[in-house]
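Survey of secondary and tertiary structure
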Amino acid sequence: MSLLWSLRPFLVVRTASCPAGPLLLQSPQLGHTFHAGPWLSSASSKELLMKLRRKTGYSFVNCKKALETCGGDLKQAESWLHKQAQKEGWSKAARLRGRKTKEGLIGLLQEGNTSVLVEVNCETDFVSRNLKFQQLVQQVALGTLLHCQSLKDQLSTYSKGFLNSSELSELPAGPEREGSLRDQLALAIGKLGENMTLKRAAWVKVPAGFYVGSYVHGSMQSPSLHKLVLGKYGALVICETSERKANLEDLGRRLGQHVVGMAPLSVGSLDDEPGGEGETKMLSQPYLLDPSITLGQYVQPQGVSVVDFVRFECGEGEEVAEAE
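Residues take numbers from 1 onward in each chain, read along the sequence in its written order. With pLDDT at 70 or above as the cut-off, local features in this predicted model cover only qualifying residues; side-chain atom pairs require 80 or more to be listed or tallied, and sums for whole chains, interfaces and linings still use all residues. Only heavy atoms go into the side-chain values, all of them from the structure, while hydrogens and water stay out.

An unreviewed UniProt entry annotates the protein chain as Elongation factor Ts, mitochondrial originating from Catagonus wagneri. One UniProt comment on the protein chain, placed under Sequence similarities (unreviewed entry), says "Belongs to the EF-Ts family." UniProt positions are given in the numbering used here, feature names are shortened, and annotations may be inferred rather than shown by experiment. Its UniProt record, at the heading Subcellular location (unreviewed entry), says of the protein chain: "Mitochondrion".

Okay, here's the thing in structure tokens:
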């Protein structure tokens, strides 16, 4: 029987047959009994227990049970805890399946010539601000990044790809994690108690002569999440440039802001006529930060050419699906 992964009140009782024996911790809900006697008497055992709790974040009772089951082996106890938590997570995920996941976060991760955007959804904004949920977004972004980097292609121009929910779920969880991203999702559901979905991912790889500008709206960063940037909207803008310019990062951020704010559907051409507020071609749209000119008129003197973009909006498409 799987452990109950939440704090429960425990009754302290003595057995009638052994009134002077070790204390028993009894759960009224499960009827399980755990001996709290000789095993915790040594300082080294207590130190192992504290170390396991710090490393995994699971409760005292669960960590103690894991160490007892695994004969005090810390590594095996950690693995046992994760397996039990995953079982509980799968069970909870099955119960929560079908509940709406309109909230969540967009995650942006860039490394070398590779950039990725991912979207992970949950039920409430409260959970989206939880570090455990944000760590799940980080794992998904890293899994996508490693997948993209593993593709052996000779780049003469940029490459772009997308992963849907089922493709994303099958990716390996990463070098320090067991199983797939689907398994990590089950663990997070078990811990946080909300339905969650790995919605989608996009990746871009560029050779020399190209640059990927990026922007995340409402961005938040945590020291524990390293290079990951989180927010509700995200954009990647692929530019071709003949030389590496000092202002490329700032230019890329401004282009990303425009894509997030103006939501173009295509790049268009510098030869296109300027459009109004309803224009969907990016280069013909009024420039977000200076509507007196088009984006094309802003970009042209910069010495770069915009060739493609990706835009993610958290919860995008949910309203349409609900209406249907």
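Here the narrative resumes.
Comments concerning the overall build of the protein chain
Numbering goes from the N terminus for both helices and strands, where a helix is a DSSP run of H or I of at least four residues and a strand is a run of E of at least two. What the protein chain contains, in helices and strands, is 10 helices and 13 strands. For each residue, the accessible area found with a 1.4 Å probe, counting protein chains only, is set against the maximum for its type, and the residue is called buried under 20%, exposed over 50%, and partly exposed in between. With 324 residues in all, the protein chain has 45% of them scored as buried. Residues are treated as being in contact if the distance between any of their heavy atoms lies within 4.5 Å. Taking as baseline every contact in the protein chain between residues at least 6 positions apart, the subset at least 24 positions apart corresponds to 64%. Residue burial considers only the protein chains on display, and all accessible areas are found by Shrake-Rupley using a 1.4 Å probe. Total accessible area on the protein chain stands at roughly 16700 Å², and carbon and sulfur atoms take up 52% of it.

Topic: the pattern of salt bridges
One side-chain nitrogen of Lys or Arg within 4 Å of one carboxyl oxygen of Asp or Glu is enough to make a salt bridge. Counted by the stated rule, this structure contains 15 salt bridges. As a salt-bridge pair, arginine 200 and glutamate 119 come within 2.7 Å of each other at their nearest N and O atoms. In this pair, arginine 200 is assigned in strand β7 (residues 196-205) and glutamate 119 in strand β5 (residues 114-122), connecting sequence segments 81 residues apart. An identical accessibility class is assigned to arginine 200 and glutamate 119; each is buried. One connected set of salt bridges, linked through shared partners, spans Glu119, Lys199, Arg200, Arg311, Glu313 and Glu316.

With respect to the sheet that holds β7
Backbone hydrogen bonds hold the strands of a sheet together, and the pairing may be parallel or antiparallel. Spatially, five strands are ordered β6-β7-β5-β4-β9 in an open sheet, and the strand pairing comes out antiparallel. Two strands bound the open sheet, and with one partner strand each, they are β6 (159-163) and β9 (229-231). The average undirected angle you get between the axes of adjacent strands in this sheet is 15 degrees. Whether two strands pair comes down to DSSP finding at least two bridges between them. Relative to β9, strand β4 (residues 103-111) runs antiparallel, the two sharing three bridges. Counted as the bridge partner of isoleucine 106 is glycine 231 from β9. Only the stretch in contact is used when a helix axis is fitted, and all axes are lines through C-alpha atoms; the angle between N-to-C directions ranges over 0 to 180 degrees. Against the sheet, helix α5 (residues 131-150) engages β4, β5, β6, β7 and β9, with an angle of about 145 degrees to β5.

Notes on the packing of aromatic side chains
Note on aromatic pairs: each is described by the distance of the centres and the angle between the planes. In this analysis, rings of Phe, Tyr and Trp, with Trp reduced to its six-membered ring, are considered paired at centre separations within 6.5 Å, and the interplanar angle assigns stacked below 30 degrees, edge-to-face beyond 60, and tilted for intermediate values. Tallied over the full model, the rule gives two aromatic pairs. Ring geometry for tyrosine 158 against phenylalanine 210: centres 6.2 Å apart, planes inclined by 55 degrees, an arrangement best described as tilted. With a gap of 52 residues between them, tyrosine 158 in the loop between α5 and β6 and phenylalanine 210 in strand β8 (residues 210-217) connect regions that are remote in the sequence. Tyrosine 158 gets classed as partly exposed once you look at its relative accessible area, which sits at 23%.

Some points on helix α7 (residues 181-192)
Multiplying 1.5 Å by the helix residue count minus one yields the expected span of that helix. An ideal rise of 1.5 Å per residue puts 16 Å on 12 residues; α7 measures up with 16 Å between its terminal C-alpha atoms. With respect to burial, α7 is a largely interior element, 10 of its 12 residues being buried. Taken as a whole, α7 has its buried residues at Leu181, Asp183, Gln184, Leu185, Ala186, Leu187, Ala188, Ile189, Gly190 and Leu192. In the stretch just after α7, glycine 193 is the one whose phi turns positive, near 75 degrees.

Concerning the sheet that holds strand β13 (residues 304-313)
Overall, antiparallel pairing links the three strands, which are arranged β8-β10-β13 in an open sheet. The open sheet has two edge strands with one neighbour each: β8 and β13. Between one strand and the next, the sheet's axes are offset by a mean angle of 15 degrees, whatever the strand orientation. In this structure, β8 lies alongside strand β10 (residues 233-241), joined through eight bridges in antiparallel fashion. Counted as the bridge partner of tyrosine 211 is cysteine 239 from β10. Most of the contacts of helix α8 (residues 248-262) go to β8, to which it runs at about 55 degrees, and overall it touches β8, β10 and β13.

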